[in-house]
Amino acid sequence: MTSTLPRELTHLEVLESESIQIIREVAAEFEKPALLFSGGKDSIVMLRLAEKAFWPARIPFPVVHIDTGHNFPEVIEYRDKRVAELGVKLIVGSVQEAIDAGTIVDETGPRASRNRLQTPILLETIARGKYDAVFGGARRDEEKARAKERVYSFRDEFGQWDPKNQRPELWNLYNGRRRTGEHIRVFPISNWTELDIWQYIADDQIEIPSIYFAHRRPVFERDGMWMAEVGLLPHLPGEHVEERTVRFRTVGDMTCTAAVESDADSIEDVIAEIAATRITERGASRADDKFSEAAMEDRKREGYF
């Protein structure tokens, strides 16, 4: 009689299994979880993992998008299409509505961005929904402040993050204890890399917004980055618009998310490009991370993703 040894899991299968286990554990342990969704590649993978975690049932928690009003149209179109396909509830926290109501003040000037304005809207949306666990798509390889995160990231009653007040996670044991008003940010893909994300998208044949692939677009150069010309940023002296072949490595507010020059117009080409680069996607294309050495950490302490 012959015996068949179990097949050894691939690297991506191990990551997928770990993430799905975390998602299921949160759904079982917490009363009102929610999943943050930006329409970017990481949150797209997160949504796919949640779909797999509960299939054939529907995802048992809502998707939350904090809309700055300056999102790329391709991303909003993808968000609405994907949510409709899954039949999941979409909760939108609107920065524009808060500006119109006078509860927050829009920034002005050539370097104005609504990115920081997302934080109070996110905290308000979490409080209004009474969510006690919020899934995010952050990865440790993105940025040094995010490398400090635990999988279960404790937030106090003000939604703030203190890197010195995080709980140990020995042997993948997670502590979800919290008091009323506190919540946990959960990062199931913390151990994934940008390359892992793209290889998973390729293997699973996941549709993503077209702006992740090379295309011709009007751009202008600012601080060594190619900003999309969308009529939101006044030009500084010496800046001029030109058309170039670019793609976006990360998705965010149009006023702070830059493109990179690239001819990668397929997933295979993107994977080859990412495998050869030494610069993280945020380092290459996020103006909001360049204000200071601790820009991301400062925003996270205030309640950012």
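A brief look at the structure comes next.

Examining the overall build of the protein chain
Okay, step 1: Within the protein chain, the secondary structure is distributed over nine helices and ten strands.
Okay, step 2: In terms of overall dimensions, the protein chain is globule-like: its C-alpha atoms have a radius of gyration of 20 Å, near the 19 Å expected for 305 residues.
Okay, step 3: With the principal axes as the frame, the protein chain shows a C-alpha extent of 75 × 50 × 35 Å.
Okay, step 4: Buried positions account for 54% of the 305 residues belonging to the protein chain.
Okay, step 5: Distance between charge centres in the protein chain, computed from 42 positive and 54 negative side chains, equals 4 Å.

Here we look at the sheet that holds strand β8 (residues 225-228)
Okay, step 1: Taken in spatial order, the four strands line up as β7-β8-β10-β9 and close into a barrel, and their pairing is antiparallel. Within this sheet the neighbouring strands show an average axis-to-axis angle of 70 degrees, counted without direction.
Okay, step 2: Note that strand β7 (residues 215-222) and strand β9 (residues 242-247) share five bridges and pair antiparallel. When the bridges of β9 are listed, Arg-217 appears paired with Arg-244.

Examining the side chain of Glu-18
Okay, step 1: Note on placement: Glu-18 falls in helix α1 (residues 11-29).
Okay, step 2: For Glu-18, which is buried and forms no salt bridge, the nearest opposite charge comes from Arg-140, at a distance of 7.0 Å.
Okay, step 3: In this view, Glu-18 contacts Asn-172 and Asn-191; residues no more than four positions away in its chain are not counted.

Things to note about the sheet that holds strand β3 (residues 90-94)
Okay, step 1: With mixed pairing, the six strands of this open sheet are ordered in space as β3-β2-β1-β4-β6-β5. In this open sheet, the two strands that pair with only one neighbour each are β3 and β5 (152-155). Strand-to-strand twist in this sheet, taken as the mean axis angle between neighbours without regard to direction, amounts to 30 degrees.
Okay, step 2: Strand direction decides the pairing type here: strand β4 (residues 133-135) and strand β6 (residues 183-186), joined by three bridges, are parallel. Directly across from Val-134, in β6, lies its bridge partner Arg-185.

Some words on the environment of Gly-69
Okay, step 1: Along the chain, Gly-69 turns up in the loop between β2 (63-67) and α3 (73-86).
Okay, step 2: Classification of Gly-69 by relative accessible area gives partly exposed; the value is 44%.
Okay, step 3: It is 5.7 Å that separates the C-alpha atoms of Gly-69 and Gln-96, two residues lying 27 residues apart in sequence.

Section: helix α6 (residues 194-204)
Note on helix geometry: an α-helix contains 3.6 residues per turn, so any two residues three or four positions apart are oriented the same way.
Okay, step 1: All of the buried residues along α6 are Glu-194, Asp-196, Ile-197, Trp-198, Tyr-200 and Ile-201.
Okay, step 2: Phi for Gln-205, located one or two positions after α6, is positive at around 55 degrees.

Let's talk about a nonpolar patch on the surface
Okay, step 1: On the surface, Leu-170, Trp-171 and Leu-173 cluster together to form a nonpolar patch covering roughly 430 Å² of accessible area.
Okay, step 2: Of the residues examined, Leu-173 reaches a relative accessible area of 55% and is grouped as exposed.

What about the environment of His-183?
Okay, step 1: With respect to the secondary-structure elements, His-183 resides in strand β6.
Okay, step 2: Along the primary structure His-183 and Leu-47 are separated by 136 residues, whereas in three dimensions their C-alpha atoms are 20 Å apart.
Okay, step 3: Residues contacting His-183, with those up to four places away along its chain left out, are Ile-126, Tyr-131, Asp-132, Val-134, Ser-153, Phe-154, Arg-155 and Gly-159.
Okay, step 4: A polar contact is formed between the side chain of His-183 and the side chain of Arg-185, at a distance of 2.9 Å.

A word on unusual backbone geometry
Okay, step 1: Along the chain, Trp-55 connects to Pro-56 via a cis peptide bond; the corresponding omega equals 10 degrees.
Okay, step 2: The phi angle at Lys-130 is positive, at roughly 55 degrees, despite the residue not being glycine.
Okay, step 3: Assignment of secondary structure puts Lys-130 in the loop between α5 (118-129) and β4.
Okay, step 4: Judged by relative accessible area, which is 65%, Lys-130 ranks as exposed.
Okay, step 5: The phi torsion at Asp-223 lies on the positive side, around 55 degrees, for a residue other than glycine.
Okay, step 6: Checked against the element boundaries, Asp-223 lands in the loop between β7 and β8.

Scoring rules and cut-offs
- Residues numbered from 1 in each chain as written.
- Predicted model: local features only at pLDDT ≥ 70, side-chain atom pairs only at ≥ 80, totals over all residues.
- Heavy atoms only, no water.
- Helix = DSSP H or I, 4+ residues; strand = E, 2+ residues; numbered from the N terminus.
- Rg over C-alpha atoms; globule rule 2.2 N^0.38 Å.
- Buried < 20%, exposed > 50% of the residue type's maximum accessible area, 1.4 Å probe, protein only.
- Lys, Arg positive; Asp, Glu negative; His and termini not counted.
- Charge placed at Lys NZ, Arg CZ, Asp CG, Glu CD.
- Pairing = 2+ DSSP bridges.
- Axes fitted to C-alpha atoms, helices over the stretch in contact; angles between N-to-C directions.
- Salt bridge = Lys/Arg side-chain N within 4 Å of Asp/Glu carboxyl O.
- Contact = heavy atoms within 4.5 Å.
- Patch = residues over 30% accessible without salt bridge, like charges linked within 9 Å, V, L, I, M, F, W, Y side chains within 5 Å.
- Areas by Shrake-Rupley, 256 points an atom, 1.4 Å probe, with all protein chains shown as cover.
- Polar contact = N/O pair within 3.5 Å; in protein donor to acceptor, adjacent residues only side chain to side chain.

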